[in-house]
Amino acid sequence: KAALRYFLVRSAARAEQFELLRASQAGWATQLLLDAVATEPDPRALCPAIDALAGRDAKLVVPAIVARLDDARWIVRAAALSALERTPCKEAIDAIVARLAVEEGRLRDDCIRILEALTGAEVTKSPAAWKLWWADNREKWTGPPPPDKGPMTPEKFAEKAKKEKEKDAGRTGGFFGIETNSKRLCYVI
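Rules used throughout
- Residues numbered from 1 in each chain as written.
- Predicted model: local features only at pLDDT ≥ 70, side-chain atom pairs only at ≥ 80, totals over all residues.
- Heavy atoms only, no water.
- Helix = DSSP H or I, 4+ residues; strand = E, 2+ residues; numbered from the N terminus.
- Buried < 20%, exposed > 50% of the residue type's maximum accessible area, 1.4 Å probe, protein only.
- Contact = heavy atoms within 4.5 Å.
- 1 Å grid on protein atoms, 1.4 Å probe; cavity = no way out; pocket = protein on both sides within 12 Å on 5 of 7 lines; lining within 4 Å.
- Points joined across faces, edges and corners; volume = space filled by probe spheres on them.
- Nonpolar A, V, L, I, M, F, W, Y, C, P; charged D, E, K, R; others polar.
- Phe/Tyr/Trp six-rings, centres within 6.5 Å; stacked < 30°, edge-to-face > 60°.

Undergrad: Help me understand the environment of Trp-134 in this model?
TA: Mapped onto the elements, Trp-134 comes out in helix H8 (residues 127–137). According to the relative accessible area criterion, Trp-134 is buried, its value standing at 5%. Considering only alpha carbons, one finds Trp-134 and Leu-115, 19 residues apart in sequence, at a separation of 9.7 Å. Excluding anything up to four places from it in sequence, Trp-134 contacts Lys-90, Ile-93, Asp-94, Val-97, Thr-119 and Trp-141.

Structure below.
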């Protein structure tokens, strides 16, 4: 029990350190986070380290984040996908397009959502279609599209609802209008 408690306390302390390093954009902080992402065994500390790398110099951090997309733990892969979304570059999109063919359930939905956010494209849910689209558009991509800041008119609302309905047509499960591709669900009522 004492060894487990020690491990848990140390893990929480490391997670807090990585959270603190997020505030510093200094090179030494980035290097500490890169080392942690490469070696940290505990996902409770690893996920904050990955998260803290998001938004930093893409050439430095994207390879380390992409390496964690192969982690066996879904929570680590989810953190890596989120960090790639906040570190937009062609290499990040390359990795997400490749990962889309492997993931299923919630992480597949995350890949599609991130690809749509970073590219502004609404391609089908098919990994092959995204791969073809990205191959055709990779060189033209200059960054994420600007957010739509116009007022939500009834026409925009109807258009958005129509797109969501078409997008949700392939979903496999749902409850009271909440649709998902996840295989394991828990609804708390």
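Undergrad: What's the story with the layout of surface pockets in this structure? I'm lost.
TA: The gaps left among the atoms become clear once a water-sized probe is rolled over them. Computed from the structure, the second largest pocket encloses a volume of approximately 320 Å³. Taken together, Trp-74, Arg-77, Glu-104, Gly-105, Arg-106, Leu-107, Ser-182, Lys-183 and Arg-184 make up the lining of the second largest pocket. Elements with a contribution of two residues or more to the lining of the second largest pocket: helix H5 (74–85) and helix H7 (106–119). Broken down by class, the residue content of the lining of the second largest pocket amounts to two nonpolar, two polar and five charged.

Undergrad: Can you help me understand the packing of aromatic side chains in this one?
TA: Between two aromatic rings, the relevant description is the distance of the centres plus the angle of the planes. Following the criterion strictly, the structure yields three aromatic pairs and no others. Ring geometry for Trp-130 and Trp-133: centres 5.7 Å apart, planes at 75°, overall edge-to-face. Taken together, the residues span about one helical turn, with Trp-130 and Trp-133 both in helix H8 at a distance of three residues. Residues Trp-133 and Trp-134 carry aromatic rings whose centres are separated by 6.3 Å and whose planes lie at 25° to one another, so their mutual orientation is stacked.

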